[in-house]
Amino acid sequence: MTPTADRPQMLVEDFEELARTAPDTVTLEFIDGKLEVKPVPDGDHGAIVMWLLERCMQQRPELRVYPEQGLRVDGYRKGRARPDGALAPLDHFVGQGEWADPDGVLMVLEVTSPDPDTDRRDRREKRDGYAAADIPVYLLVDRETCSVVVYSEPDGGTYRIRATHPFGAVVELPDPVGITLETEKLKDYVR
C-alpha cells in the first residue's frame, strides 16, 4: 500500500519521535504522508544558501534566513518540513522548538539536489505544503534548469503566481519579502 494523505506511513507523533532520535548525519521530513530522507547537501548547495542568506541580510537587516528550521505544515497532510531556509523576523523562532509554526514566515527557500527525488519533493510536494501553510513566497533555486522560480500568493493550498527566471536575471521577490536578487553569481554553483 502506497502512503497517501488519507493513509499516512505513520502518525505525525511517531515521525517526530523518529526525527528526534535520528543520527545527526540524517535529516528526516514527513511530506505527503511519507517519511522522506533529505539528501546531504553538497558544497555548491551550501554556497547558494549562504549567498541567499547574505543578500537577505543586506537588504532586510531586520530579517534572518534560518537554515533547516523545522516547520509544521499541518495544512498539508500534517507534514513536517525542513526547508533549506526560512525567512522570518529576527528571533521569530525563539521558544518554538524543533517543529515551529509557519505563521510569520515570509519566505521559504529550497535548493535542488542532484537526486532522483528532487522533482517530486522540491518542485511539487514541498511547494504544495508551503502553499497550504500560507507561506507568502516559496523560492526554488533549481540547479538542474539553471533557474530561480518564485511562487507567491498562496490561495487554497496552491500558489497563484509562478515566475521563472534564468540564472543571471535580476529577480524581484514580491511583498512581503521585498528583496532584489542579482543572480549572475548562481552560475558559479552549477556543475
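Residues numbered from 1 in each chain as written. Predicted model: local features only at pLDDT ≥ 70, side-chain atom pairs only at ≥ 80, totals over all residues. Heavy atoms only, no water.

### Considering the overall build of the protein chain
A tally of helices and strands in the protein chain yields three helices and 13 strands. In the protein chain, which comprises 191 residues, the share counted as buried stands at 48%. About 9,100 Å² of surface is accessible on the protein chain, with carbon and sulfur atoms providing 51% of the total. (Helix = DSSP H or I, 4+ residues; strand = E, 2+ residues; numbered from the N terminus. Buried < 20%, exposed > 50% of the residue type's maximum accessible area, 1.4 Å probe, protein only. Areas by Shrake-Rupley, 256 points an atom, 1.4 Å probe, with all protein chains shown as cover.)

### Looking at the packing of aromatic side chains
Evaluated as defined, the whole model comprises four aromatic pairs. A ring pair is formed by Y66 and F93, whose centres lie 4.9 Å apart and whose planes are at 85°; its orientation type is edge-to-face. With Y66 in strand β3 (residues 63-66) and F93 in the loop between β6 (85-89) and β7 (99-100), the pair connects residues that are 27 residues apart, well separated along the chain. Assigned by exposure class, Y66 and F93 land together as buried. On the basis of an interplanar angle of 40° and a centroid distance of 6.0 Å, the ring pair of Y151 and Y159 is categorised as tilted. Aromatic ring contacts, followed pair by pair, group Y130, Y138, Y151 and Y159 into a single cluster. For R82, the ring lying beneath its charged end belongs to W99, and the centroid distance is 4.4 Å. (Phe/Tyr/Trp six-rings, centres within 6.5 Å; stacked < 30°, edge-to-face > 60°. Lys NZ or Arg CZ within 6 Å of the ring centre and 35° of its normal.)

### Examining the pattern of salt bridges
According to the stated counting rule, one finds 11 salt bridges in the structure shown. R123 is paired through a salt bridge with D142; the nearest N and O atoms lie 2.6 Å apart. Here R123, found in helix α3 (residues 118-132), pairs with D142, found in strand β9 (residues 137-142); they are 19 residues apart in sequence, far enough to count as distant. Accessibility assignment for this pair places R123 and D142 in one class, buried. We note a salt bridge from R127 to D128, for which the minimum N-O separation is 2.9 Å. The structure contains a network of salt bridges with shared partners spanning R123, D142 and E144. (Salt bridge = Lys/Arg side-chain N within 4 Å of Asp/Glu carboxyl O.)

### Observations regarding the nonpolar core
Among the nonpolar cores identified, the biggest contains 26 residues, and L87, M107, L139 and L173 are the most heavily contacted of them. Residue assignment for this core shows that the elements contributing at least two residues are α2 (43-59), β3, β8 (107-111), β9, β10 (147-155), β12 (170-173) and β13 (179-182). If one sorts the elements of this core by residue count, α2 sits on top with six residues. Leave out the neighbours within four places in its chain, and L173 touches M107, L139, V150, G178, I179 and L181. (Core = buried A, V, L, I, M, F, W, Y, C linked by side-chain atoms within 4.5 Å. Contact = heavy atoms within 4.5 Å.)

### Digging into unusual backbone geometry
Residue P176 is reached from D175 by a cis peptide bond, and omega for that bond is 15°. One non-glycine residue with positive phi stands out, namely D91, at about 65°. Examined against the element boundaries, D91 turns out to sit in the loop between β6 and β7. Even without a glycine there, the phi angle at D134 is positive, about 60°. Structurally, D134 is set in the loop between α3 and β9.

### Quick notes on the pairing of β13
Burial along β13 is one-sided: the residues I179 and L181 are buried and none of T180 and E182 is. In the sheet, β12 pairs with β13 via four bridges, with the strands oriented antiparallel. Along β13, the bridge assignment pairs V171 with L181. Counting the residues between successive antiparallel strands, the hairpin from β12 to β13 contains five residues, one of them, G178, with a positive phi of roughly 60°. (Pairing = 2+ DSSP bridges.)

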